[in-house]
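Structural features, examined
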Amino acid sequence: MAKVHGISVALLRPLAELLGRLDIDPAEFLDSFGVDARTTPNTYIAGSLVDERLDEIARTRGDPTFALTLARRAVIRPLGLFSHMVWLSGTVRDALVRAVRFYAMVTRRTTLTLDDTGPRATLRQHAVPGIVRGAILTEFAFASLVLRAQRATSGRFKLLGATFSHERDRTTRAAYVALFGVPVSFGAPIDEVAFSADQLDLALESADEVTSAALEATIGQLTDEPPRSVVFDRVRRVVVASLDKPVSLTSVARRLGTSARTLRRQLEREGRSLRSIVDDVRHERADELIASGTPIKEISFGLGFSEPSAFSRAYKRWTGSAPRPTRVK
């Protein structure tokens, strides 16, 4: 099977095992996608097929909050290699940074971003432009993360808010409030959970950094993820916090307490440049704002461009086409 913007077999196999705990035939679930013992973990199945199968299971079970049911079962033990790597990390921050970095191991139709630059941190899921996401897997990703973080911190991890871009019937919303512990909004511009940034430093009781680092190396091979250093991640966080103003090596180096020359040398050793990092961050943020219906002019200035035409040229360079505003229904 060719790789597509979909769900990886590395996720589908442990998901099938999880479904087996609910008396759903794991082999039949995998067989419905043509997955067998010979299928490699880095094979990706069209997300729409997985969504349809999960929706069918939810209807058959008469469970309109099936994602939450799955999340509660998944918290008993980590779900697959990816989950083991994440929750064997030392702190909540370490876990989420790894989840963001290696999210492509489980799906190529969405990405994660962590914004920890202010007192209120957010973890957001972004759709690949033109690719539809299913509600069950979106909800499951956030619900299982919150439950696992709470379990690994003896309940100290708490949310400030949660939003989803899809709609849910009002009769089911109490179940979401009960799980997330905060009011949950649906039909929002973005899928995210928010929490106090100081919770990122909470230690995880499940921590085993040696094993987590070993799993990280294995997963890096599965995802073709280029090695990233602490310096790269720190630079990226500074860029995220500085999008509305000019970003230069000097300004970033000052924020990091080093010199522009040293920072350039560190990035060059990794085959990186500040411009490529700024472009990646701007592109991700632009797609998010376009999807939320933000006017192009507002996006342009918010991302630090001198005028909308400069943003349009950059966007065309990133994607091959000009930015098109999205109407929010």
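Residues numbered from 1 in each chain as written. Predicted model: local features only at pLDDT ≥ 70, side-chain atom pairs only at ≥ 80, totals over all residues. Heavy atoms only, no water.

1. Comments concerning the overall build of the protein chain
- The number of helices and strands found in the protein chain is 15 helices and seven strands.
- Against the globule reference of 20 Å for 329 residues, the protein chain gives a C-alpha radius of gyration of 20 Å, in line with a compact fold.
- Viewed in the frame of its principal axes, the protein chain has a C-alpha envelope of about 60 × 45 × 40 Å.
- Within the protein chain, the proportion of its 329 residues that are buried is 50%.
- A fraction of 69% describes how many contacts in the protein chain between residues 6 or more apart in sequence connect residues 24 or more apart.
- Accessible area for the protein chain stands at about 15900 Å²; split by element, carbon and sulfur atoms hold 53% of it.
- Put simply, the protein chain has 47 plus and 38 minus side-chain charges, and the middle of one group is 5 Å from the middle of the other. (Helix = DSSP H or I, 4+ residues; strand = E, 2+ residues; numbered from the N terminus. Rg over C-alpha atoms; globule rule 2.2 N^0.38 Å. Buried < 20%, exposed > 50% of the residue type's maximum accessible area, 1.4 Å probe, protein only. Contact = heavy atoms within 4.5 Å. Areas by Shrake-Rupley, 256 points an atom, 1.4 Å probe, with all protein chains shown as cover. Lys, Arg positive; Asp, Glu negative; His and termini not counted. Charge placed at Lys NZ, Arg CZ, Asp CG, Glu CD.)

2. Quick notes on helix α3 (residues 47-61)
- Here α3 contains 15 residues, and its C-alpha end-to-end distance of 21 Å stays within 8% of the 21 Å for a straight helix at 1.5 Å per residue.
- Within α3, the full set of buried residues consists of Gly47, Val50, Asp51, Arg53, Leu54, Ile57 and Ala58. Buried residues along α3 cover an arc of 165 degrees about the axis, so they all sit on one side. Residues of α3 that are exposed and point more than 90 degrees away from the buried face comprise Arg59 and Thr60.
- Buried positions along α3 lie against β1 (6-8), α1 (9-20), α2 (26-31), β2 (44-46), α4 (66-74) and α7 (135-152).
- Just beyond α3, the residue with positive phi is Gly62, at close to 65 degrees. (Expected span 1.5 Å × (residues − 1). Arc of directions from axis to C-beta.)

3. Topic: the pairing of strand β4 (residues 120-127)
- Along β4, six of the eight residues are buried, which leaves the element largely enclosed by surrounding structure.
- Relative to β4, strand β3 (residues 110-115) runs antiparallel, the two being bridged by six bridges. Paired with Thr110 across the bridge in β4 is Ala127. (Pairing = 2+ DSSP bridges.)

4. Remarks on the packing of α1 against α4
- Close contact between α1 and α4 brings their axes to 10 Å; oriented N to C, the two are set at 95 degrees. Here α1 lies roughly perpendicular to α4, going by the angle between them. Contacts from Leu15, Leu18 and Leu19 of α1 reach α4 at Phe66, Leu70, Arg73 and Ala74.
- When grouped by side-chain class, the residues that make up the contact of α1 with α4 number six nonpolar, no polar and one charged. (Axes fitted to C-alpha atoms, helices over the stretch in contact; angles between N-to-C directions. Parallel < 35°, antiparallel > 145°, perpendicular 65-115°, else oblique. Nonpolar A, V, L, I, M, F, W, Y, C, P; charged D, E, K, R; others polar.)

5. Structural notes on unusual backbone geometry
- Positive phi values are uncommon outside glycine, yet Asp23 reaches one of about 65 degrees.
- In this fold, Asp23 is placed in the loop between α1 and α2.
- Its relative accessible area of 77% is what places Asp23 among the exposed residues.
- One non-glycine residue with positive phi stands out, namely Ser154, at about 55 degrees.
- Locating Ser154 in the fold gives a position in the loop between α7 and β5 (161-163).
- A residue is classified by how much of its surface remains accessible, and Ser154, at 55% relative accessible area, is exposed.

6. Some details on the environment of Leu15
- Residue placement: Leu15 occurs in helix α1.
- Judged by its relative accessible area of 1%, Leu15 is buried.
- Taking C-alpha positions, Leu15 is 9.0 Å from Leu70, a pair spaced 55 residues apart along the chain.
- Non-local contacts of Leu15, meaning those with residues more than four positions away in its chain, are made with Phe29, Leu70, Leu79 and Leu137.

7. What to know about the sheet that holds strand β6 (residues 184-185)
- One open sheet holds the five strands; their spatial order is β3-β4-β7-β5-β6, and the pairing between them is mixed. Of all the strands in the sheet, just β3 and β6 have a single pairing partner and so form its edges.
- Contacts from helix α6 (residues 92-101) reach β3, β4 and β7 (191-196) within the one sheet, and its direction differs from that of β3 by about 150 degrees.

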